[in-house]
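In case you want the letters, here they are:
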Amino acid sequence: MAILELRDVSLQVNSTLILNGLSMEFESGYVQAVVGPNGAGKSTLASLIMGLPDYRQYTGDILFEGKSIKNLNVDERARLGITLAWQEPARFEGLKVSQFILASARNKDKKEVDRVLEMVGLEPARYHARDVDKTLSGGERKRIELASILAMKPRLVMLDEPDSGVDIEAIDRIFEAIDYLKKDGTTVLLITHSPKVLEKADQAFLICHGTLVDQGKTSKIMEYFRGKCLPCPHKNVPEINSAAIVGGKI
Amino acid sequence: MTEDLVEEILESVNLHRSFNKDTPHLIINANQVLSSHQVDGLIMEPEELPDGVRARLRVKKGVKIGSPVHLCFGLLPERGVQHIIMDIQIEDEAEVSFMAHCTFPNAVNVEHLMEAQIKVGRRAWYSYFERHWHSEEGMVRVVPVARIELEEGAHFSTEFELLKGRVGLIDMDYLTVGQAGSSAEMKARIFGRQDDRIKIKEAAHLMGEGSRAALTTHIAVKNKARAEINNEIIAEAPYARGHVDCKEIIQDDGIARAVPVVEVRNPKAHVTHEAAIGSVDSKQLQTLMSRGLSEEEAIDLIIQGLLS
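So, here's what we can say about the structure. (Residues numbered from 1 in each chain as written. Chains lettered and ligands numbered in written order. Predicted model: local features only at pLDDT ≥ 70, side-chain atom pairs only at ≥ 80, totals over all residues. Heavy atoms only, no water.)

## Remarks on the interface of chain A and chain B
Here is the rule we go by: We call two residues contacting when some pair of their heavy atoms lies within 4.5 Å. Every case where a carboxyl oxygen of Asp or Glu lies within 4 Å of a side-chain nitrogen of Lys or Arg is listed as a salt bridge. Whenever two N or O atoms come within 3.5 Å, that pair is a polar contact, provided that in protein one can donate a hydrogen and the other can accept it, and provided that, for residues adjacent in sequence, both atoms are side-chain atoms. Going along the chain from the N terminus, every DSSP run of H or I of four or more residues is numbered as a helix, and every run of E of two or more is numbered as a strand. Residue polarity follows a fixed list, in which Ala, Val, Leu, Ile, Met, Phe, Trp, Tyr, Cys and Pro are nonpolar, Asp, Glu, Lys and Arg are charged, and the others, Gly among them, are polar.
Listed as interface residues are 27 residues of chain A and, on the opposing side, 21 residues of chain B. Where chain A touches chain B, the interface holds 2 salt bridges. Salt-bridge contacts for E93 of chain A lead to K247 of chain B; the nearest nitrogen and oxygen are separated by 3.4 Å. Summed over the shared surface of chain A and chain B, the result is 11 residue pairs in polar contact (both at pLDDT 80 or more). Listed by contribution, the elements that provide at least two residues to the side of chain A that touches chain B are helix 2 (74–80), strand 6 (82–85), strand 7 (92–96), helix 3 (97–104) and helix 6 (138–152) of chain A. Residue classes in the side of chain A that touches chain B are distributed as 16 nonpolar, 5 polar and 6 charged.

## Looking at the sheet that holds strand 11 (residues 203–208) of chain A
Residues and elements named next belong to chain A. Selection criterion: Strands were regarded as paired on the criterion that DSSP finds at least two bridges between them. Lines fitted to C-alpha atoms define the axes, with helix axes restricted to the stretch in contact, and inter-axis angles between N-to-C directions lie between 0 and 180 degrees.
Within the open sheet, the 6 strands sit side by side as 6-9-10-3-11-12. Their pairing is mixed. What marks the edges here is a single partner per strand, and that holds for strand 6 and strand 12 (211–217). Mean inter-strand twist for the sheet, computed between neighbouring axes without regard to direction, equals 20°. Each of strand 6 and strand 9 (156–160) is contacted by helix 6, which is oriented at about 170° to strand 6, the strand it contacts most.

## Description of the side chain of E130 of chain B
Residues and elements named next belong to chain B. Short version of the rule: Type-normalised accessible area, obtained with a 1.4 Å probe on protein chains alone, sets the label of each residue: buried when under 20%, exposed when over 50%, and partly exposed for intermediate values. Residues counted as positive are Lys and Arg, residues counted as negative are Asp and Glu, and His and the chain ends are not counted.
Mapped onto the secondary structure, E130 falls in strand 9 (residues 125–134). One buried charged residue, E130, forms no salt bridge at all, with the nearest opposite charge on R131 at 11 Å. A distance of 2.8 Å separates a polar atom in the side chain of E130 from a polar atom in the side chain of H132. Setting aside chain neighbours within four positions, we find E130 in contact with A100, C102, E159, F160, E161 and Y174.

## Observations regarding unusual backbone geometry
Positioned with a positive phi, H209 of chain A is a non-glycine residue whose angle comes to about 50°. Among the secondary structure elements, H209 of chain A is positioned in the loop between strand 11 and strand 12. With phi around 55°, A30 of chain B is a residue other than glycine that occupies positive phi space. Within the secondary structure, A30 of chain B sits in the loop between strand 1 (25–29) and strand 2 (32–37).

## Thoughts on the pairing of strand 4 (residues 59–64) of chain A
All names here are of chain A. Sheet topology note: the strand 1 (residues 2–13)/strand 4 ladder contains 5 bridges and is antiparallel. Residue pairing in the sheet places E5 in a bridge with L63 of strand 4. Sheet topology note: the strand 4/strand 5 (residues 67–68) ladder contains 2 bridges and is antiparallel. When the bridges of strand 5 are listed, L63 appears paired with S68. Hairpin connection of strand 4 to strand 5: 2 residues between the antiparallel strands, including E65 at a positive phi of 50°.

## Section: the packing of aromatic side chains
Which entries qualify depends on this criterion: Each Phe, Tyr or Trp ring (for Trp, its six-membered ring) is paired with any other whose centre lies within 6.5 Å, and the angle between the two planes then decides the class: stacked below 30 degrees, edge-to-face above 60, tilted in between. We count a charge as sitting over a ring when the NZ of a lysine or the CZ of an arginine lies within 6 Å of the ring centre and within 35 degrees of the ring normal.
A complete count under the given rule lists 6 aromatic pairs over all chains for this structure. Centroid distance F92 of chain A to F100 of chain A: 5.3 Å. Interplanar angle 35°. Geometry classified as tilted. Taken as a pair, F92 of chain A and F100 of chain A share a single burial class, namely buried. On the basis of an interplanar angle of 15° and a centroid distance of 5.2 Å, the ring pair of Y126 of chain B and F156 of chain B is categorised as stacked. In this pair, Y126 of chain B sits in strand 9 while F156 of chain B sits in strand 11 (residues 155–164), placing the two residues 30 residues apart along the sequence. A single burial state applies to Y126 of chain B and to F156 of chain B, both of which are buried. Members of the aromatic cluster, joined through ring pairs, are F98, Y126, Y128 and F156 of chain B. Taking NZ or CZ as reference, R193 of chain B lies 4.1 Å from the ring centre of F191 of chain B, over its face.

Here is the structure:
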């Protein structure tokens, strides 16, 4: 069953078409990836699904659990269970890690902060009182953002380039957190151009220039990373079964 | 009667349950000294004036006061003037920290004027935390003026916080003059609402080699509140280092103005400044809203962080 459905979604900014008639269905409870080269429109797609203010003027429709969310603001979408982890998480001067996590947590008990920090491999006693600011490394901020999402227990989470700017140990912890989310029944949407991240997905979509190029099992989409597509100006796309693309259902 | 007033003042700053009379302290209501306690090496000489109190505080050479000295300046009536004149001397190699509470819980028309002369001796250490508790009426006028001399290797830090109740008017003017190896830190965190007015002037003159100063001002204004911040560091000596940091968040029809002045008179000195004024950062806002907080809840949390 699709938890999220895009119906012929296009977004034009000034005179540039960023997303071009995307129709996609994301299955509930799976880890799915949207892959494509830089500038393909991946992050734009995530921002648009989240309903960020600069991405509201799209055509087509987005359905969450069968209902249109087109007229909902960011917080209204979040309260339905949709959330987004940014490629570069925001810094919050003066805001403690525990405050930041509790702000989104369903369970407001401080033990919940410990629980989710441990899940992302951060020692609670060392991080509770730290500020979510520039004193944390990029990898620490990513893990703290993920901890806040684990505490939120969303229905659908979009992780934008979850491996960017993090070391190998942090990547492993982030991958573990993705496993926790999946186990909890959260649908995970990975926005990535990394084969290593793509490996975590059950299914994947390839987009390029705002257009859906292919979709299917991860192993199939992985082929595009093996020298045939990226960067992807369409001309070297391997034998696409164009009929399979139409309709956009895996 | 006096004990009741002490209790009322302490209650207004949430200290009535935790306050220990053996703690070094000075408690003043209007122009009346209600209670004081000094410890070895700390000399406090308060003198009642017609409209306030003059207090001489001295920490003797080499004495390290173990626990913070509590200062409570209150004006419990709805109207009145309180003039506090402080003459503070921290002798060489002495150490002291102050925890000050200024409380005007019933203020309808109150004026709190503070004049301080502070001298921190060689390698002495002075820290002062000041929290204000105002009524919701917004009719408090706070005018603190401090002149601080820092001798060689002296450390001075002060932190001013006004988050509870309405500001009314605050017009602050602090100046430090630092000799070689001294350090000065001045922080102010204030939340202005309605038609509050916030004027802050903090200046540090780095006269001695290797002297340092950091001026940090974090302000939030909403409704029709206004803030004007004038922070200045002048570095005269080699290896003097200074930094000015001013962040202001405005909402509604609030107006904020920041004028950081940095002047360097020695090629081996270095002073930096950063100022950011504007509405709440959109990425911070969107992050919190994407976790389910309403816009109002998210803004409150961001401001709470900035002013923490």
